[in-house]
Structures are given as structure tokens and as C-alpha cells.
Amino acid sequence: MTDARTISLFNTLTRRVEPVRPQVPGELRVYNCGPTIYNYVHIGNLRTFLFQDLLRRTFEAAGYRVAFCMNLTDVDDKIIRDSQKDVPAAADNEARLGAMRAFTDVYERAFLEDVDALRIQRPTVMPRATSYIGAMVALVAALETRGLAYERDGSVYYRVAGLPQYGCLSHIDRDGMKAGASVDSDEYDRDSASDFVLWKGTKPGEPWWESPWGKGRPGWHIECSAMALDVLGERVDVHTGGVDLIFPHHENEIAQSEGAIGHPWVAHWVHGEFLMVEGEKMSKSLGNFFTLRDLVARGVDPLTFRFAIQGNHYRKLYNFSFEGLRAAKATLDRVRTFRQRMEDPPGPPREGAPAVDLDVEARVATARDEFWAALADDLNTPEALAALLTLVTDVNSLDDWRPLPAAARGLVVAFLDETDRIFAAWPTVGRVVLDTDVEALIAARSAAKAARNWPEADRLRDQLKAMGILLEDRKDGTVRWKRAE
Ligand SMILES: [Zn+2]
């Protein structure tokens, strides 16, 4: 038995919000399509990873043990193209595999740096595709045995006409499928739905592995099926990814896994929506393409980006803008300032305080119920956040007149810490340094300098330094500041 709270999520398979009922009560097995480590991930990718983190944190806070598997795609068309560019034509296979490994290692490290900066919890298991080649070959062989795969010129293809449920996830029109036509590329659109490649015969200049069909390498789609079956077994509770993966990637994953095991595989398919930039699709050619590093270079705190994303519903299109980040930062600062205020000892009541009183314990209990109920209903973070912000307003206006006693302050702080298990954006220890605090101290220092009060100006400079703020006095009398690394 378990007392874990029931969470409902939109299921792409049924197109309904449905309660998630894990195979083993209280334990959730989640497979998440992870990054292709051939470049720095962009903020659209990061939105997907933040949604996956939100899902995990919600289940964990609700009392589930979560096996959270996220793969790293370290072999595919793009990785081979980019990693083999500078490898001499005469290089042997070992050198080619080594070059690919060295190339992907760089971007795996960069990915984990982004994950840590955004306080995305690291996966409990993070399989790399190239470590599962044996499992992929075995899976392709099993499909061949079942008559769902066929070989042609050293490559192996999936026979989509052989599986009645092909199209169940993306609701593709089966009549439009080109039976017998086969595609070799990993990515293609619905119009060219046809037999897809499971194993690709090697071409000159590519790294390869041995297989019953000769030298070759896995197709992208088989990678996830093999890793998920190997790590999580034949029943997966929740499988996630961005909406762009519904077709063909996830449709093909279902075909491969269910074709081989012969029974339903994933109970709940959950997809996160796209991110647009200032109303347009993000693309390098439009010059609106950002990585987390680009944002940091523009002075954006990764936690502000995290909060901006998590404050929106994962199934709604998110329109990224710097204006939106500023608004998110203002809300974030409001919660942080409130938390500091609640940590400070209560002052005396104000003269003429009205007699109204607030049952703080009951008020926090209501906010808590609303907060968790919103998350349990398809991860509704905007509503959860609204419950929290209403509490902030109510308690602030009471505290202005009649400061809450220490015990009530403690209750409020405990609730804020509870909500931070999800948002991970207001600290649970120590004080944060707010921009407004810094600017107030800089203004005080400028005033001290204007009054030729040098000891006071120096003291303020030292105080800022102790807070990790570095100052730069400019010739025109203005002061620039930045946070120390
Ligand atoms: Zn995948």
C-alpha cells in the first residue's frame, strides 16, 4: 500500500487528462528522451528538460520513488557528420569511434553544466546510446524474427504495415503511408511516413559496429527503445519528450518496443510544448537562437529563466522574450523578499493597526491545499503559483500592521520551502542578494562620497564586496556593478 497522492497528466495516447497509476504502487518509472550531444542545447530544448524536471519533482513531493531515466544520444546522423569532419580519410574504425567519443564528451559536460545551473535534478540513470549497441542489435534481430523487419543492402528497416497499431500516438492516417517505401534518415515528416531504418549499413568515413547484417550503426529511433527496455523493463509508466518527438520518433519507439515484446509498453505519453522567441520560431537564420550561455552573457540569471519557464503551463506554447524574463524576475524577487521578511524577527505593531486578524495557520493550510491540487491536475504551475502569490499578498498586508509572531512566521517559511521543492528558485538556506539591495547600497555609497565621508564610502564598498558584488567606478561618476563569479 502507498499513501502517495494521485497525479493526473494529459496522455497524448488518449488525448485526455488521466490519473497516473504506476505498475508498482508508489514507484514511478519514467523514460525521458534526452539531448543529442552534438552541440550546446538551446533554450527550446531546455524548456523540455525543465518540464521533465517539474514532472519528477511533483511525483517525488507527492511521495513516489521515481526511477528517472534520461538517455544521451551520442550516435546519430548529425553527430557522425560533425565529429568525423577532421578525421583523416585513412583513419581506422577505432580512431573514428574515438573521435566521436571525444566530440560528444564535450557536449555531455556542457549539458550537465546547464542542468546544474538550472537546478534540474540529474537523472537517476543516464544511459549513453553507444553503451547499448548489443541491446539494439538484439532488438532489431527480435523484430526480424517476428517478421516486422527486413534487410536491404546491409541496412534493416521496420515494416510499418506489419503492426496494426502503427499511428496510434500521432493519429497518423494509415492510408497515407507509403508501404514498402523506406527512409534512411532519422528525421522526416508525416508526409513521408514509410518503413524506417533500424540499422544502417556503414558508409565510407563512418564509425561502425559489427552486426548480423554486417558493419553498421543503429538508427536513432531504436536507441531509445533498446535503452528504455534495458533500464526500465517491459512496462514504463510515463514516457516524455517535446511535442516535436511525437512523430516519427515516439511513434517508431512504440512500433519497435511493442513489436518486440508483444504487449502494451508505455501507459502514459506526456509531451511538453514548444518555445517561441518574440512570437517567432527560434532559428539560427533569424538570429533569435539562444543557448543558456547566450542568456548568461546578457546578464540573465539561470534561475530567472527557470522560474519564467516553470511559471507557465508545460502544454502551452511559451513565447520567450527578455521583457517576459524581467517580469518573471520581479515576481521571483517578490517571493524572495517575502521569505527574508518572514525570516526576520517581528517588529512592534503599528500605531492604529486595525483589529482584523488572520488565522495564519488556516491561511497557510488553504494555500498548501490549492498549491498541491493544482500540480496534481496536469502540473498546473500557473495556478499553483497563484495560490502562493495570493498568500504572499495576504500575509504582507497583515504583517505591515501587526507583525506575525515568530511561530506563524516559521509556518510561512516552512510552506515556502515546501513550494521550493518544485520551483527550486528561492533558497532554503542563506540570504539572497537582490538587485534592489545592491542598488540601495551603491546609492548610499555615492551619497557618502559626495559628502566626502570616505570612511563610510569605503565601508559600504567592503560590505558590497562581502556580498559578492564588484564595483567599477566610471569616469562620468556612474557606478557599474556585477556579481563575482
Ligand atoms: Zn528518444
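Before any of the text, the structure's been laid out above.
Here goes a summary of the coordinates provided. Everything quoted here is computed from the prediction, not taken from an experiment. (Residues numbered from 1 in each chain as written. Predicted model: local features only at pLDDT ≥ 70, side-chain atom pairs only at ≥ 80, totals over all residues. Heavy atoms only, no water.)

**Things to note about the overall build of the chain**
Piece 1. The number of helices and strands found in the chain is 14 helices and 16 strands.
Piece 2. Overall size of the chain, expressed as C-alpha extent along the three principal axes, is 85 × 60 × 35 Å.
Piece 3. Going through the 485 residues of the chain one by one, you find that 51% of them count as buried.
Piece 4. Nonlocal contacts in the chain, meaning residues at least 24 apart in sequence, comprise 74% of its contacts between residues at least 6 apart.
Piece 5. Put simply, the chain shows about 22000 Å² of open surface, and 51% of that area lies on carbon and sulfur atoms.
Piece 6. On the chain, the mean spot of the 60 positive side-chain charges and the mean spot of the 72 negative ones are 3 Å from each other. (Helix = DSSP H or I, 4+ residues; strand = E, 2+ residues; numbered from the N terminus. Buried < 20%, exposed > 50% of the residue type's maximum accessible area, 1.4 Å probe, protein only. Contact = heavy atoms within 4.5 Å. Areas by Shrake-Rupley, 256 points an atom, 1.4 Å probe, with all protein chains shown as cover. Lys, Arg positive; Asp, Glu negative; His and termini not counted. Charge placed at Lys NZ, Arg CZ, Asp CG, Glu CD.)

**Examining the coordination of the zinc ion**
Piece 1. The coordination sphere of the zinc ion, as far as protein atoms go, consists of Cys33 (SG), Cys224 (SG) and His249 (NE2), spread over 2.1 to 2.2 Å.
Piece 2. Each donor residue of the zinc ion lies on the same chain, and together they follow the pattern C-x190-C-x24-H. In this pair, cysteine 33 is assigned in the loop between β3 (27-32) and α1 (43-61) and histidine 249 in helix α6 (residues 246-261), connecting sequence segments 216 residues apart.
Piece 3. Overall, histidine 249 belongs to the buried group, its relative accessible area being 1%. (Donors = N, O, S within 2.8 Å, 3.2 Å for Na, K, Ca; no water.)

**So, unusual backbone geometry**
Generally, phi is negative for residues other than glycine and the peptide bonds are trans, each holding for most cases.
Piece 1. In this model, phenylalanine 247 is joined to proline 248 through a cis peptide bond whose omega is 0°.
Piece 2. Along the chain, proline 248 falls in helix α6.
Piece 3. At aspartate 153, a position not held by glycine, the phi torsion is positive, near 50°.
Piece 4. Examined against the element boundaries, aspartate 153 turns out to sit in the loop between β5 (149-152) and β6 (155-158).
Piece 5. Look at aspartate 153 and you get exposed, because its relative accessible area is 77%.
Piece 6. A positive phi angle, close to 45°, is found at glutamate 278, a residue other than glycine.

**Focus on the sheet that holds strand β13 (residues 280-281)**
Piece 1. Strand order across the open sheet formed by three strands is β13-β12-β14, with mixed pairing between neighbours. The two strands at the open ends of the sheet, each matched to only one other strand, are β13 and β14 (318-320).
Piece 2. Pairing between strand β12 (residues 275-277) and β14: three bridges, direction parallel. The residue of β14 that forms the bridge with methionine 276 is asparagine 319. (Pairing = 2+ DSSP bridges.)

**Things to note about a negative patch on the surface**
Piece 1. A cluster of acidic residues, Asp369, Glu370, Asp377 and Glu383, forms a negative patch on the protein surface.
Piece 2. For glutamate 370, the position within the fold is in helix α10 (residues 360-376). (Patch = residues over 30% accessible without salt bridge, like charges linked within 9 Å, V, L, I, M, F, W, Y side chains within 5 Å. Salt bridge = Lys/Arg side-chain N within 4 Å of Asp/Glu carboxyl O.)

**Some points on the packing of aromatic side chains**
The description of two aromatic rings rests on the distance between their centres and on the angle between their planes.
Piece 1. Tallied over the full model, the rule gives 20 aromatic pairs.
Piece 2. With 5.1 Å between their ring centres and 70° between their planes, phenylalanine 59 and tyrosine 64 make a pair best called edge-to-face. Assigned by exposure class, phenylalanine 59 and tyrosine 64 land together as buried.
Piece 3. Pairing tryptophan 265 with tryptophan 269 gives two aromatic rings, centres 6.0 Å apart and planes at 70°, and the pair type is edge-to-face.
Piece 4. Among the aromatic side chains, those forming a connected cluster through ring pairs are Phe307, Phe371, Trp372, Phe415, Phe423 and Trp426. (Phe/Tyr/Trp six-rings, centres within 6.5 Å; stacked < 30°, edge-to-face > 60°.)

**Comments concerning the side chain of serine 8**
Piece 1. Here serine 8 is to be found in strand β1 (residues 8-11).
Piece 2. Other than its neighbours up to four places away in sequence, serine 8 contacts Val17, Glu18, Pro19, Val20, Ala376, Asp377, Asp378 and Leu379.

**Notes on the layout of surface pockets**
Piece 1. Taken as a whole, the largest pocket spans an internal volume of roughly 1100 Å³.
Piece 2. Considering the residues around the largest pocket, the lining is formed by 39 residues, among which His42, Asn45, Lys78, Glu187 and Asp244 are closest to the centre.
Piece 3. For the lining of the largest pocket, the element with the highest residue contribution is α1, accounting for four residues.
Piece 4. In terms of residue class, the lining of the largest pocket is made up of 18 nonpolar, 14 polar and seven charged. (1 Å grid on protein atoms, 1.4 Å probe; cavity = no way out; pocket = protein on both sides within 12 Å on 5 of 7 lines; lining within 4 Å. Points joined across faces, edges and corners; volume = space filled by probe spheres on them. Nonpolar A, V, L, I, M, F, W, Y, C, P; charged D, E, K, R; others polar.)

**Re the sheet that holds strand β4 (residues 65-70)**
Piece 1. Strand order in this open sheet of four strands is β4-β3-β10-β11, and the pairing throughout is parallel. The open sheet has two edge strands, β4 and β11 (266-272), and neither has a second partner. On average, each strand axis in the sheet is tilted by 20° relative to the strand beside it, whichever way the strands run.
Piece 2. Pairing analysis gives six bridges linking strand β10 (residues 236-242) to β11, with the strands arranged parallel. Across the sheet, histidine 239 pairs through a bridge with tryptophan 269, a residue of β11.
Piece 3. Along the sheet, α6 makes contact with β10 and β11, crossing β11 at roughly 165°. (Axes fitted to C-alpha atoms, helices over the stretch in contact; angles between N-to-C directions.)

**Section: helix α11 (residues 381-401)**
Piece 1. Taking 1.5 Å per residue as the helical rise, α11 with its 21 residues ought to reach 30 Å, and the 31 Å between its terminal C-alpha atoms agrees with that figure.
Piece 2. Among all positions in α11, only Thr381, Ala384, Leu385, Ala387, Leu388, Leu389, Leu391, Val392, Val395, Asn396, Leu398 and Asp399 are buried.
Piece 3. Taking the backbone nitrogen of glutamate 383 as reference, a side-chain oxygen 3.2 Å away marks asparagine 380 as the first, capping residue of α11. (Expected span 1.5 Å × (residues − 1). Polar contact = N/O pair within 3.5 Å; in protein donor to acceptor, adjacent residues only side chain to side chain.)

**Topic: the packing of α1 against helix α8 (residues 302-310)**
Piece 1. Here α1 crosses α8 at 70°, and the two axes come no closer than 10 Å. Comparing their axes, α8 and α1 come out roughly perpendicular. Contact residues: Ile43, Leu46, Arg47, Leu50, Phe51, Asp53, Leu54 and Arg57 in α1; Phe305, Arg306, Ile309 and Gln310 in α8.
Piece 2. Split into classes, the residues belonging to the contact of α1 with α8 amount to seven nonpolar, one polar and four charged. (Parallel < 35°, antiparallel > 145°, perpendicular 65-115°, else oblique.)

**Re the pairing of strand β16 (residues 479-483)**
Piece 1. The pairing of strand β15 (residues 469-473) with β16 spans five bridges and is antiparallel. Its bridge partner being in β16, leucine 470 is matched across the sheet by lysine 482.
Piece 2. As consecutive antiparallel partners, β15 and β16 are separated by five residues, and within that stretch glycine 477 has a phi angle of approximately 95°, a positive value.

**Section: the pattern of salt bridges**
Piece 1. Under the counting rule described, the total for this entry stands at 34 salt bridges.
Piece 2. A salt bridge links arginine 128 to aspartate 74; the nearest nitrogen and oxygen atoms lie 2.8 Å apart. Here the residue arginine 128 occupies a position in the loop between α3 (93-117) and α4 (133-145), and aspartate 74 occupies one in the loop between β4 and α2 (77-83), the gap between them amounting to 54 residues. Both residues of the pair, arginine 128 and aspartate 74, belong to the buried class.
Piece 3. Linking arginine 339 and aspartate 417 is a salt bridge whose minimum nitrogen-to-oxygen distance equals 2.6 Å. In this pair, arginine 339 is assigned in helix α9 (residues 322-343) and aspartate 417 in helix α12 (residues 406-423), connecting sequence segments 78 residues apart.
Piece 4. Judged by relative accessible area, arginine 339 falls into the buried class, the value being 4%.
Piece 5. Residues joined in a network through salt bridges with shared partners are Asp74, Arg101, Asp105, Glu108 and Arg128.

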